[in-house]
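Observations on the three-dimensional arrangement
For reference, the chains in residue letters:
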Amino acid sequence: MVTNILEMRQITKTFPGVKALQDVNLTVQRGEVHAICGENGAGKSTLMKVLSGVYPHGSYDGEIAFEGDTVQFRDIGDSEAKGIVIIHQELALSPFLSIAENIFLGNEIATRGFIDWDKTNLEASKLLARVGLSDSPITKIVDIGVGKQQLVEIAKALSKEVKLLILDEPTAALNDEDSAHLLDLIKHLREQGITSIIISHKLNEIKAIADKVTILRDGRTIETLDMRADDVSEDRIIKGMVGRDLEHRYPDRTPKIGEEIFRIEGWTVHHPSEAGRVVIHGANLSARAGEVVGIAGLMGAGRTELAMSVFGRSYGKGITGKVFMHGKEVRTRTVSEAIGNGIAYATEDRKHFGLNLLEDVKRNVSMAALGKLAKRGWVDGEKEFIIANEYRKSMNIKAPSVSSLTGKLSGGNQQKVVLSKWMYSDPDVLILDEPTRGIDVGAKYEIYTIINRLASEGKAVIVISSELPELLGICDRIYALSEGHLTGEFGIADATPELLMQYMTKEKEK
Amino acid sequence: MAAIKDAVGFLGSRLRQIGIFIALIVIVILFQVLTDGRLLTAGNVSNIIVQNSYILILAIGMVMIIIAGHIDLSVGSVAAFVGAMSGVMITQWGFPWWVAILGSLIIGALVGAWQGFWVAYVGIPAFIVTLAGMLIFRGLTQIVLGNRQITPFPTEYRQLGGGFVFPNAFPATSSPAEWITVGLGVLALIFLVGQQLRGRASRVKHGLEDEPLAWFVTKLAFTAMLVLGLTYLLGIAPGSRGTPIVLIVLGVLVVIYSSVMARSVFGRHVYARGGNLHAAQLSGIKTQRVDFYLFVNMGVLAALAGLVFTGRLNSAGPGAGNLFELDAIAAAFIGGAAVTGGIGTVIGAITGGLIMGVLNNGMSLMGINTDYQQFIKGMVLLLAVAFDVFNKRRSGGR
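Since this is a predicted model, take the numbers as computed values, not measurements. (Residues numbered from 1 in each chain as written. Chains lettered and ligands numbered in written order. Predicted model: local features only at pLDDT ≥ 70, side-chain atom pairs only at ≥ 80, totals over all residues. Heavy atoms only, no water.)

Take the overall build of chain B next. Across its full length, chain B holds 16 helices and zero strands. In terms of overall size, chain B behaves like a compact globule, its C-alpha atoms giving a radius of gyration of 22 Å where 398 residues would be expected to give roughly 21 Å. With respect to the principal axes defined by its C-alpha atoms, chain B has extents near 70 × 60 × 45 Å. The burial tally for chain B puts 49% of its 398 residues in the buried class. Within chain B, counting contacts between residues at least 6 apart in sequence, those at least 24 apart form 79% of the total. Total accessible area on chain B is roughly 18,400 Å²; 70% of this is exposed by carbon and sulfur atoms. Side chains of chain B give 24 positive and 13 negative charges; the mean places of these two sets differ by 6 Å. (Helix = DSSP H or I, 4+ residues; strand = E, 2+ residues; numbered from the N terminus. Rg over C-alpha atoms; globule rule 2.2 N^0.38 Å. Buried < 20%, exposed > 50% of the residue type's maximum accessible area, 1.4 Å probe, protein only. Contact = heavy atoms within 4.5 Å. Areas by Shrake-Rupley, 256 points an atom, 1.4 Å probe, with all protein chains shown as cover. Lys, Arg positive; Asp, Glu negative; His and termini not counted. Charge placed at Lys NZ, Arg CZ, Asp CG, Glu CD.)

As structure tokens, then:
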């Protein structure tokens, strides 16, 4: 019997323009719970996609050995046949089918094409008992909560005789009680001989259940820590996750900070569909002229939800709290009111929320402020062209002309189009949500320069990011956001990656 | 050599837009040959225009709805309902013809507002709302008419569907009709060429022009040929009856709606809404209002189509306008509109509608059975959209 159930050796995976993984090694022993840690973008999910065959053999370099044999997966089906099952953050359940149907989806218990319902439901209840779920197997998925859905996913994995279970951020959407139950279950499965890989941002959970931790940073393996042998503290893990060279990646700037422009008070937001779930808890936040303010939070902390709820209530329900511009309370009940009051929000997801990819550069630049180009409802096409061309030059948008489709531009250039759009709407405060996500290093530098330029023009810039070095490199002040709470506020002089990470992973005060 | 390469590259990049015009020309030539020249005679061209006018009017509104990412299945029923109401207004309520026409357009707007309300503000998919509308307004048509036809209509009312510009103004000779048609043709030509030249001049000024000069000249020459040819057939050729009134109505609608979609804030918002709903909303565009007014507009155009159709047949019947919606939708898609929204043009939809119209007419002239006509129209729609999909995939689009 081989002790190492999994060995991934020298895995390198390249996307056009980006090296997502470089010579990554991962060794998992049979019967352990192995955690993988790293900042967003460190390569955790990519590594798991390589392992599970989402990226087929041949699309990456390196070698995977499972139970001692070298394996070459062509797709997920191949890896599942070997007993590797991955449970993604977004659950893959069909909401209007029953628990039992979901468990055996694609793997139905049938004779000559007809499903044996008695056996299906019987087997399903056995599996449900193993994961500690007492609901009837004929309950529909829509009728159970997210926590139970997660357990159904695990039951589904068990039905496939899983040997290695991969959980991607399993507790991100769960409340404390459900999280605790899930972690217990993982321990319980370990006793039954099932090996687990768990990707998590929650360091206290990792400390509670993991036997080993592998830390990834910038697509490389940094270290593997043995949680049983060494006394590894949360700070030790944080150090591994963030420690890197910060020099010369950010343009210099001398901040000239003026009056307060933007402030929110007691901002509380409820989840749009789950009644009673509070997403943002009474947030107070301000930004001054010429200031770059950072919001540091991990995925799922409520960063985007905070920004979008302020921006014309584009997210959430039951929103309470006040928004002030230049000290005066303003209404931001719709997006056009927010824009009218000088607020702009550049979304995290350019392609789905930021741009009309079917249209050219100039029409995207003018989209949020078409009124400025129009007389009596008719757009002045010449002026639009001239203005778009000015932005193309000043923002260094690399496109053949302003009549080029935005869908054909690179990520960095698309982001510059989004920024141009908001600059043309002439806001006082710009909220930039992950402005450099999916952008190569050179373009990142340009985006930082643009942010500096905006600040020097006397605008307040709020940058939301999960990349701490980025925030530390460009901000004057940083708020830490954890599970919908603003847990801390730091001047740039006091902020360190370790300190921020500590507040970003802080449990809410009991 | 480089110039040729440029030209080929340019044509390739605009294959879809140009392809539809070429397809129309090829179909016209094909049927001209197959029917031994009966297609392009004065009487027949006039017929093609009048017979397809209501579909083309519907296609204008339909392509806008489709660009926004919706669909409207109710336009045939709405056209029938409005035709019936106009009949009731004239024959039962004794309204003058012009009040009836005005009233019909208002009814169309109200019908559109009704459907727009459900789509935009309640959030029910347009497919469902207009499927319901198709049944509702067909039912109302039959209720209003009591399953009888209303006929005849006053002469003035009928002009919209079947009339010609001043046909009998100078009864002694045949020349005035010629001169009015020729005059209109020349005016249209001056307008179109002037618009093209102005647009090009402005683009050249800003260095935005990416169209090769040769292509621009070719385009102008084609436009001139088309307008002059039409003028000849409608006004000068033996058997010509002058310019159909509905052609002028259509011409005005095409010019207005083309500019609305290309240059107005509203038109831009329609493209933005269809191209990416979330991005449009997050850019402060009031997408619900856009949806609402699109349906109001569709209602008015459906009403106009109903008036034209009723006028042409000189009767309002319970079965009028059946399957108009499918012809209008097909015209929009053949004309290059995208099923997912965000892409399409008014002129494309008109061309798409004409392709179907010429196919219909040409096959009828050849004596081909209507069963085959349906089959061939279906194939044309399928192949046109398949060509689109293939083209998009080849250019590495989404």
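Taken together, the contacts link 29 residues of chain B with 35 residues of chain A. On inspection of chain B and its partner chain A, the count reaches one salt bridge. Notably, a salt bridge pairs E384 of chain A with R268 of chain B, separated by 2.7 Å at the nearest N-O pair. Summed over the shared surface of chain B and chain A, the number is 10 residue pairs in polar contact (both at pLDDT 80 or more). Of all elements in the fold, only α8 (175–205), α10 (245–263), α11 (265–275) and α12 (277–282) of chain B reach the threshold of two or more residues within the side of chain B that touches chain A. Ranked by the residues each element gives to the side of chain B that touches chain A, the list is headed by α11 of chain B, at six residues. Tallied by class, residues from the side of chain B that touches chain A come to 10 nonpolar, 14 polar and five charged. (Salt bridge = Lys/Arg side-chain N within 4 Å of Asp/Glu carboxyl O. Polar contact = N/O pair within 3.5 Å; in protein donor to acceptor, adjacent residues only side chain to side chain. Nonpolar A, V, L, I, M, F, W, Y, C, P; charged D, E, K, R; others polar.)

Time to look at a nonpolar patch on the surface. All names here are of chain B. Together, I25, I29, V33, F222 and M225 line one region of the surface with nonpolar side chains, adding up to about 490 Å² of accessible area. Every element with two or more residues in the nonpolar patch is listed here: α2 (15–34) and α9 (213–236). For the nonpolar patch, the leading source of residues is α2, giving three residues. Looking at where I29 falls in the secondary structure, it is placed in helix α2. By relative accessible area, I29 is classed as partly exposed at 49%. (Patch = residues over 30% accessible without salt bridge, like charges linked within 9 Å, V, L, I, M, F, W, Y side chains within 5 Å.)

Residues and elements named next belong to chain A. Checked against the element boundaries, L471 lands in helix α16 (residues 468–474). Exposure remark for L471: the relative accessible area of 0% places this residue in the buried category. C-alpha of L471 to C-alpha of D231: the two residues are 240 residues apart in sequence and 30 Å apart in space. The contacts of L471, once residues within four sequence positions are left out, are G294, I295, A296, V463, S465, I478 and I492.

Once that is clear, we can look at unusual backbone geometry. Along the chain, T151 of chain B connects to P152 of chain B via a cis peptide bond; the corresponding omega equals -5°. Its location among the elements puts P152 of chain B in the loop between α6 (126–145) and α7 (155–162). With phi around 50°, E169 of chain A is a residue other than glycine that occupies positive phi space. Examined against the element boundaries, E169 of chain A turns out to sit in the loop between β9 (164–168) and α6 (176–191).

Moving on, we come to the nonpolar core. One finds I154, L165, I237, F262 and W267 of chain A to be the most contacted residues of the largest nonpolar core, which totals 140 residues. Mapped onto the domain boundaries, this core takes at least three residues apiece from domain 1 (4–242) and domain 2 (248–339 + 464–510) of chain A. Residues contacting F262 of chain A, with those up to four places away along its chain left out, are L285, S286, A287, V310, V323, F324, M325, I343, V429 and I462 of chain A. Counting residues in each nonpolar core, the second largest holds 77 residues, with I71, I90, L253 and V308 of chain B among its members. (Core = buried A, V, L, I, M, F, W, Y, C linked by side-chain atoms within 4.5 Å. Domains from an automatic or database assignment.)

A few words on the domain arrangement of chain A. Residue and element names in this part refer to chain A. Entries for chain A in the domain assignment read domain 1 (4–242) and domain 2 (248–339 + 464–510). In this structure, domain 1 and domain 2 have C-alpha centres spaced 32 Å apart. The partner domain 2 presents 18 residues to the 14 residues of domain 1 that form the contact. Note on domain 1 versus domain 2: buried area summed over both sides is about 1,300 Å², and carbon and sulfur give 55% of it. Taken together, the links from domain 1 to domain 2 amount to zero salt bridges. At the boundary of domain 1 and domain 2, one finds zero residue pairs in polar contact (both at pLDDT 80 or more). (Buried area = accessible area lost by both parts, 1.4 Å probe.)

All right, on to the pairing of strand β24 (residues 485–491) of chain A then. Residue and element names in this part refer to chain A. Of the strand pairs in this sheet, strand β23 (residues 477–482) and β24 are connected by six bridges, and their pairing is antiparallel. Paired with Y479 across the bridge in β24 is E489. Where β23 hands over to β24, the hairpin turn is made up of two residues, of which E483 adopts a positive phi near 45°. (Pairing = 2+ DSSP bridges.)

Residue and element names in this part refer to chain A. Judged by side-chain charge, K372, K375, R376 and K383 come together as a positively charged surface patch. With respect to the secondary-structure elements, K375 resides in strand β19 (residues 374–375). By relative accessible area, which is 68% here, K375 ends up exposed.

Turning our eyes to something else, we now look at the packing of aromatic side chains. Considering all chains together, one arrives at 15 aromatic pairs over all chains under this definition. With a centroid separation of 5.3 Å and 70° between ring planes, the pair formed by F117 of chain B and W118 of chain B is classed as edge-to-face. According to the relative accessible area criterion, F117 of chain B is partly exposed, its value standing at 37%. Taken together through their ring pairs, the aromatic side chains of F311, Y345 and W422 of chain A make up a single cluster. A cation over a ring is seen here: R263 of chain A above F324 of chain A, with NZ or CZ 4.3 Å from the ring centre. Geometry around Y424 of chain A places K372 of chain A over its ring, the cationic atom sitting 4.1 Å from the centre. (Phe/Tyr/Trp six-rings, centres within 6.5 Å; stacked < 30°, edge-to-face > 60°. Lys NZ or Arg CZ within 6 Å of the ring centre and 35° of its normal.)

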